[in-house]
Amino acid sequence: MRHGKFRFLAGALTLPLALYGLLVLWPYLQAFYLAFTDWTGVTSEVNLIGIDNFTRMWSDPLFLAALRHNGLMLLVVPLAVIVVALGLAAGTRNTRVYRVVYFFPQLLSVAIIAVLWQFVYTPNSGLLNGLLSGLHLDSWRRSWLAEPDLALWCVMAVLVWSAIGFYVVLFAAAMESVPADIMEAAAIDGAGELTVFRRITLPLIWDSVQVAWIYLGILALDGFALVQIMTVGPGGPDNGTEVMGLTLYRSAFTYGKFGYASAMGVAIFFLSLTLAVLMLRFTRRERVELA
Amino acid sequence: MNPTRRGLLLGTAAAAATTALGACATSGSDADSAGKGAVTAENPLGVPADANLEVVIFKGGYGDAYAVDAGSKYKAKFPKATVDHKGIQGVGEVLQPRFVADSPPDVVDNSGAGRLDLATLVTAGKIKDLTELLDAPSLDDPSKKVRDTLMPGVIEDGSFDGKPLVLNYSSVVWGVWYSKSLFAKHGWTFPKTWDEMLTLNDEIKKAGLHAWTWQGKYPEYLNDPLVSLAAKAGGFELVKAIDNLEPGAWKSPAMTAAAEAIYQLAVRGHIMPGSEGLSHTEAQNAWCKGQVAFIPCGSWLEGEQQAVTPAGFDMVMAPVPSLTSADKLADGAVMATSSESFLVPAKAKNAQGGLEFLRILFSKQVARGFAESAKSLPVVAGATDGLTLSSGLGSVAQAVAGAGANVFSYKFRTWYAPLSKAVDDATGELATKRINPAQWAERVQKAADAVAADSSIAKHKR
C-alpha cells in the first residue's frame, strides 16, 4: 500500500504547493528582481540598475532612522511582553476569567486598537491626560504622540498591550502541561514559588518562550499599522516614529519608487530571517524530556 | 494641501466594499472600435458613437454625483454606448495594475489619499495631452473654446512642462477661518497685516479664548499660511524660485520672515496647547465649538464641518494677512489651486470618449450641480452666478474676486513629494518651538538641495 500512500500524498499536496509557489514564492522572487530595478509602479518598462537601490538605502536618513527605531523596538517589545505575560500566566494560573479578559485585545483589529489608543493619547480630551489631571498630576500632562522623545514609547506601549493577551494564554496552556507531581515533589522538598518557577516551570515551557521570542521579534520589525494610524505625520513628529514598513510604503506609494521600496522589502526579509536564526541559536537550551 | 485626505477617514469598511466592487465590475469594453468617429459640429472630438466609456472617479468629500450627471448626459448623447461609472476610494490600488498592463479606463479622477503619484504618471508618459479638448468648442457656447471657460490658472495647474495633461475640477483657496458671529460679539475685525494679527491675538487671549489652533497631526495645514506669507512678501519670483529648486530660495529673507511670523504664534503662546497632537477633525471641532478664534485651512472646510457647525456660527475664510506693509503682492492675494485631477490615460480604449466626457463635465450645467452638492467652487467661470452661496463658500468666492490677478500657487508639493514631507516635518517642529526659524530654513534648504541633486527624481521647471 506504500505506493498508494505516496500517490495520495502527492495528489493532496500538489494544489497547496502550487498555490504556495504562486502566491508566496513567486511574489518574493519578483520583489528580489524589482529590488535591482528603477520600476516606478505605473509602467511596464523596467530598467536594471544594479545595486543602486541598496547603496542608496544606507545613506537614506529616513531608512536609517526607521532601522534604529525598529532596533529599539526589537530590544524592548519582546522582553516586555514575555516578562509580563509569564508573570500574568503564573499569577492567574487557575482563573480562566482573567485569561479571557487578557485575550480581549487580540480580538480587535490593529486598526481599531490604533484608533482607540489615539483617543487615549489625545492631548486635551484624552483619557490619559484626564487621568493624570484626576490624580492631580497636571504637570505630567503631555502631547504624548506629538513629542519626538515620547511618541515611539507610546507606540511601543500599545504594541505590548495588544500582544500580551495572546502570550498569557499560550504560556498558561504550556504551564498546564507541566505534570502536577513534579510540582508537588518540589514543594515537598521545600522549594519556594520563585525557585519552582525558575528551576521547573520555565525550563519545561521553554519551547513556548522560544517561539514567542521569534514571533515578537518579527512583530517588532513591523509596527507599520500602528504608526500609520496613530502618529503625527505619520512617522513623526520629526520622524520620531518612522518604522521600516512606513518608509517602504511611502517610497512605493507616495514617491512612486517601487524598485527602491522592493529593495527595502528585501532588506527587511533578510533581517527577519537572520533574527529568527539568531533567536533560535541563542535561546537554545537542553531539552527537558518528560518521562 | 490635500483636501481629500478625509477620504481616508470616511470609513474603511465602505472603502473596502467599494474597492471590491470596483475591482469586480466589468473592466474594459467588448464592443470596442478604437480611434475616431466622424467629426461634426455636434461631435467636435469625433467620438465613435458605439464605443463604450469607462469612468473611474474618486468618491471622497465631494461625492461623485456630478460625474454621474455627466455620465448620463454622455449616454443621452451617444445612446449606443454604455457608460460604466465607478465611484471608488483607493484609486491608486485599483488602477495601478491597469496602468502597468496598459489597459486603463477612459477617464480617471486621480484624487484622494490613495491616488497615483501624478509626477510618476507624467514621467512615464501615461497621460494623454488634453490640448485637443481645450481647443474644442465648449458645450455651453460653441463660439467659445473650452480653455476660455475655465478660471485663470487652472490649465497651468494641470500642465507639466507646458503640456496640459490634467484638468482639475474644484477650485481650492487657502486662508484663515474665523466665525463672523464670534468676532461681531467681541467687536474684533480680521487683521490686515501680521503685526495686527499678533496684537489681536493678545486681545483674544484676554477674552479667555485661544487665538489659533491647527491640525497638528498633519503639519502641512500650518505650512499653508507660512508659504502664503512668504509668497506675499517675496512675490511670484519667490514662488518660482522655490518650485525651481533654486539654491538658497528657502533661506531668502521673505521665507525666513514668514517662518519667524509663524514661530511668533508659538513663542507668544497664541496656539492652543496640545494642538500639535490633534487630528484635523479634533482641531476643527474645537474651533467650531468656539474655543479658538482662528484655524488655517482650505476652502473645503465648510463642507467638511457641515455636520458639527452650530447654527449662526457663520464661518468665513479670509486671505492670510500681509506679512508686512511693504509686501510685493497686493493686499488680498490668495493661494489658490485646483484639485480633483481629471485625466485621460494615454492608452485609453476610448480616448475621444474620455475627452468628450470631460467636455460635458466642464460645462456650466454640470459644474453648477457640483457647487450645490459638494459645497465647493468649481473651476468653470461663472458657474455659480445666480446661486445663493452659503457663508463659507460666499467668502471664498469673495476672496477669489478680491484677489484678482494676485493668485499664486506652489508646485513643489506635486512635483517633489520628499521635499514636501521635509517642509511638513520642519514646520511641525517650528510650531512646537523645538527649532527656530533659522534652523527651519537650514533644514528645508538642505532637503531642497538633496532633491535637486538626486538624479532619480525627474525635475520640472516653471
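Quick caveat, the model's predicted, so the values are computed rather than measured. (Residues numbered from 1 in each chain as written. Chains lettered and ligands numbered in written order. Predicted model: local features only at pLDDT ≥ 70, side-chain atom pairs only at ≥ 80, totals over all residues. Heavy atoms only, no water.)

1. A word on the overall build of chain B
Where we set the bar: Strands here mean DSSP runs of E at least two residues long; helices mean DSSP runs of H or I at least four residues long; both are numbered from the N terminus. The size measure is the radius of gyration over C-alpha atoms, and the globule rule it meets is 2.2 Å times the number of residues to the 0.38 power. Categorising residues by exposure relies on relative accessible area from a 1.4 Å probe, with only protein chains included: less than 20% of the type maximum marks a residue as buried, more than 50% marks it as exposed, and the intermediate range marks it as partly exposed. Note on definitions: a residue-residue contact is assigned when non-hydrogen atoms from the two residues lie within 4.5 Å. All accessible-area figures derive from a Shrake-Rupley calculation using a 1.4 Å probe, and residue coverage is judged against the displayed protein chains alone. In this charge count, Lys and Arg are treated as positive and Asp and Glu as negative; neither His nor the chain ends contribute. Here the site of a charge means NZ on Lys, CZ on Arg, CG on Asp, or CD on Glu.
Looking only at helices and strands, chain B has 18 helices and 12 strands in total. For 462 residues, the compact-globule estimate of 2.2 N^0.38 gives 23 Å, and the C-alpha radius of gyration of chain B, at 22 Å, lies within 12% of that figure. Its C-alpha atoms give chain B principal-axis dimensions of about 70 × 50 × 45 Å. Expressed as a percentage of its 462 residues, the buried residues of chain B come to 59%. Here the contacts in chain B between residues at least 6 apart in sequence split such that 76% fall between residues at least 24 apart. Summed over its atoms, the accessible surface of chain B is roughly 17,000 Å², and 55% of this surface lies on carbon and sulfur atoms. Measuring between centres, the 45 positive side-chain charges of chain B sit 1 Å from its 49 negative side-chain charges.

2. A word on the layout of surface pockets
Where we set the bar: As defined here, a cavity is a set of points on a 1 Å grid over the protein atoms alone where a 1.4 Å probe fits but cannot get out. A pocket is an open set with protein on both sides within 12 Å along at least five of seven lines, and residues line them when an atom is within 4 Å of a point. Grid points are joined across faces, edges and corners, and a volume is the space filled by probe spheres set on the points. When residues are sorted by character, Ala, Val, Leu, Ile, Met, Phe, Trp, Tyr, Cys and Pro go into the nonpolar class, Asp, Glu, Lys and Arg into the charged class, and all the rest, Gly among them, into the polar class.
There is about 960 Å³ of room inside the second largest pocket. Forming the walls of the second largest pocket are 29 residues, and the residues nearest its centre are Asp60(A), Pro61(A), Leu62(A), Pro418(B) and Ala450(B). Within the residue set of the lining of the second largest pocket, elements represented by two or more residues are helix H3 (61-91) and helix H12 (244-253) of chain A together with helix H17 (417-431) and helix H18 (437-453) of chain B. Residue composition of the lining of the second largest pocket, grouped by class: 12 nonpolar, six polar and 11 charged.

3. Some words on the interface of chain B and chain A
Where the parts come together, the accessible area they lose is often given as the size of the interface. For the record, the criterion: By convention, the term buried area covers the 1.4 Å-probe accessible surface removed from two parts as they join, with the contributions of both added. In the sections that follow, a salt bridge refers to a side-chain nitrogen of Lys or Arg positioned within 4 Å of a carboxyl oxygen of Asp or Glu. Polar contact is the term for a pair of N or O atoms within 3.5 Å; when the atoms are in protein, one must be able to donate a hydrogen and the other to accept it, and sequence-neighboring residues count only if both atoms are side-chain atoms.
Contacts between the two partners involve 32 residues from chain B and, on the opposite side, 33 residues from chain A. Of the roughly 2,400 Å² buried between chain B and chain A, counting both surfaces, carbon and sulfur atoms make up 52%. Inspection of the region where chain B meets chain A yields three salt bridges. The residue Asp238(A) makes a salt bridge to Arg443(B) at a minimum N-O spacing of 2.6 Å. At the boundary of chain B with chain A, the tally comes to 14 residue pairs in polar contact (both at pLDDT 80 or more). Where the side of chain B that touches chain A is concerned, the elements lending two or more residues are helix H3 (91-100), helix H4 (118-123) and H17 of chain B. In terms of residue count, H17(B) provides more of the side of chain B that touches chain A than any other element does, five residues in total. Residues of the side of chain B that touches chain A, tallied by class, amount to 12 nonpolar, seven polar and 13 charged.

4. A word on a nonpolar patch on the surface
Our working rule: Residues enter patches when they are more than 30% accessible in relative terms and free of salt bridges; like-charged ones are connected within 9 Å and nonpolar ones (Val, Leu, Ile, Met, Phe, Trp, Tyr) within 5 Å.
On the surface, Leu15(A), Leu19(A), Leu22(A), Leu23(A), Trp26(A) and Leu29(A) cluster together into a nonpolar patch covering about 670 Å² of accessible area. Within the secondary structure, Leu22(A) sits in helix H1 (residues 2-34).

5. Points about the state of the cysteines
Put simply, the rule is: Sulfur atoms of two cysteines make up a disulfide when they are within 2.5 Å.
According to the stated counting rule, one finds zero disulfides over all chains in the structure shown. Cys288(B) supplies the cysteine sulfur nearest to Cys297(B), a cysteine that is in no disulfide, at a spacing of 10 Å.

6. Overview of the environment of His85(B)
All names here are of chain B. Relative to the elements of secondary structure, His-85 occurs in strand S2 (residues 83-88). Taking relative accessible area as the criterion, His-85 reaches 28% and is therefore assigned partly exposed. As a C-alpha pair, His-85 and Asp-64 span 21 residues in sequence and 9.7 Å in three-dimensional space. Residues in contact with His-85, not counting those within four places in the same chain, are Val-55, Ile-57, Asp-64, Ala-67 and Val-68. A polar atom in the side chain of His-85 sits 2.9 Å from the side chain of Asp-64.

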